[in-house]
Amino acid sequence: MRPATDALIVIDVQNDFCPGGALAVAEGDAIVPGITALMAEFAAVVLTQDWHPANHSSFAANHPGTAPFSLTKMPYGPQVLWPTHCVQGSEGAAFHAGLDMTRADLILRKGFRRAIDSYSAFFENDQTTQTGLDGYLRDRGISRLVLTGLATDFCVAFSALDAARLGYDVTVRMDLCRAIDLEGSLATMQARMTDAGIRLEG
Ligand code: VGL
Ligand code: ZN
């Protein structure tokens with residue numbers, strides 16, 4: 001068992017990011033048994049859940065004439081337009097059935113504001129609106145984070161980079177993550193994480 005200062009953060013292991021889902025990540029479901037096993041080592045376990053309203057501004061369907069995976073400009077910067085995914089209350093937004101939910105201390109929902117996407121578990125994509133996770137972890141005296149989940153090059157990487165910037169000691173278990181890899185995004189984000197002092201293991 002790890003010390004009380006360590007938390008396992010499980011990013012977006014939801015049906016829409018698994019094979020058959022609306023924004024399926026290749027082998028997204030393959031990481032589920034390993035994550036469930038790893039939970040047993042941690043006194044603190046946090047799950048995040050991508051949780052969008054149907055009219056969310058990150059959905060290509062809400063921008064007539066655009067295609068999924070194209071890039072647009074939002075007031076806060078560039079934004080990929082995604083297939084409609086993780087709509088609040090839908091089966092696609094539910095956690096993968098194999099994930100052990102009983103071990104979750106906190107389920108943090110993100111991306112619920114129509115006008116701002118939120119890849120990171122700490123800051124929305126405007127990089128200023130906070131989700132509250134930093135306060136929760138600080139209040140519990142947690143300083144070391146191990147990240148797992150989907151997708152490596154979007155929500156996991158953005159969460160890891162914000163966590164490092166906030167002063168946490170961060171490890172990403174690459175073997176317990178899977179990537180979307182949009183136009184080289186996996187290599188780009190891997191380099192950014194390494195540069196930020198984040199340990200990439202597995
Ligand atoms: C994610 C794209 C859009 C993720 C969420 O969980 O990595 N990616 N929404
Ligand atoms: Zn999303």
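Residues numbered from 1 in each chain as written. Chains lettered and ligands numbered in written order. Predicted model: local features only at pLDDT ≥ 70, side-chain atom pairs only at ≥ 80, totals over all residues. Heavy atoms only, no water.

Student: I tried to follow the overall build of the protein chain on my own but got confused; where do I start?
Tutor: Summing up its helical and strand segments, the protein chain has four helices and eight strands in all. Reading the helices (α) and strands (β) of the protein chain from amino to carboxyl end gives β-α-β-β-β-β-α-β-α-β-α-β. Scaling as 2.2 N^0.38, a compact globule of 202 residues should have a C-alpha radius of gyration of about 17 Å, and the protein chain matches this with 16 Å. Taken over the C-alpha atoms alone, the protein chain extends approximately 50 × 35 × 30 Å along its principal axes. (Helix = DSSP H or I, 4+ residues; strand = E, 2+ residues; numbered from the N terminus. Rg over C-alpha atoms; globule rule 2.2 N^0.38 Å.)

Student: In this structure, what is going on with the sheet that holds strand 5 (residues 106–110)? I would like to understand it.
Tutor: Two modes of strand pairing occur in sheets, parallel and antiparallel, and in both the strands are linked by backbone hydrogen bonds. Read across the open sheet, the six strands follow the order 5-2-1-6-7-8; overall the sheet is parallel. The two strands at the open ends of the sheet, each matched to only one other strand, are strand 5 and strand 8 (199–201). Each adjacent strand pair in this sheet contributes to an overall mean axis angle of 25°, direction not counted. Summarising the sheet, strand 6 (residues 144–150) and strand 7 (residues 169–178) pair through six bridges and their orientation is parallel. Directly across from Leu147, in strand 7, lies its bridge partner Val172. Sheet strands in contact with helix 1 (residues 32–39) are strand 1 (6–11), strand 2 (44–50), strand 6 and strand 7, and its direction is about 155° off that of strand 1. Docked against the sheet, helix 3 (residues 152–165) engages strand 1, strand 5, strand 6 and strand 7, running at close to 165° with respect to strand 6. (Pairing = 2+ DSSP bridges. Axes fitted to C-alpha atoms, helices over the stretch in contact; angles between N-to-C directions. Contact = heavy atoms within 4.5 Å.)

Student: Help me understand unusual backbone geometry in this model?
Tutor: Glycine aside, the phi torsion of most residues is negative, and most peptide linkages are trans. Between Leu150 and Ala151 the backbone carries a cis peptide bond, its omega angle lying at -10°. With respect to the secondary-structure elements, Ala151 resides in the loop between strand 6 and helix 3. For Gln127, which is not a glycine, the phi torsion comes out positive at approximately 65°. By the element assignment, Gln127 lies in the loop between strand 5 and helix 2 (133–139). The class for Gln127 is exposed, based on a relative accessible area of 53%. Backbone geometry places Glu183, a non-glycine residue, at a positive phi of 50°. Examined against the element boundaries, Glu183 turns out to sit in the loop between strand 7 and helix 4 (185–195). (Buried < 20%, exposed > 50% of the residue type's maximum accessible area, 1.4 Å probe, protein only.)

Student: Please clarify how helix 1 should be interpreted in this entry.
Tutor: Owing to its 3.6 residues per turn, the α-helix aligns residues three or four sequence positions apart on the same side. Of the residues making up helix 1, those classed as buried are Val32, Ile35, Leu38 and Met39. Each buried residue of helix 1 sits inside an arc of 130° when the element is viewed along its axis, so together they form one side. Those residues of helix 1 that are exposed and angled more than 90 degrees off the buried face are Pro33 and Ala37. Tucked into the core, helix 1 has its buried residues touching strand 1, strand 2, strand 6 and strand 7. (Arc of directions from axis to C-beta.)

Student: Before we go on, may I ask you to explain the environment of Gly21 in this structure?
Tutor: Along the chain, Gly21 falls in the loop between strand 1 and helix 1. Taking C-alpha positions, Gly21 is 19 Å from Thr148, a pair spaced 127 residues apart along the chain. Among all residues touching Gly21, those that are not within four sequence positions of it are Asn15 and Asp16.

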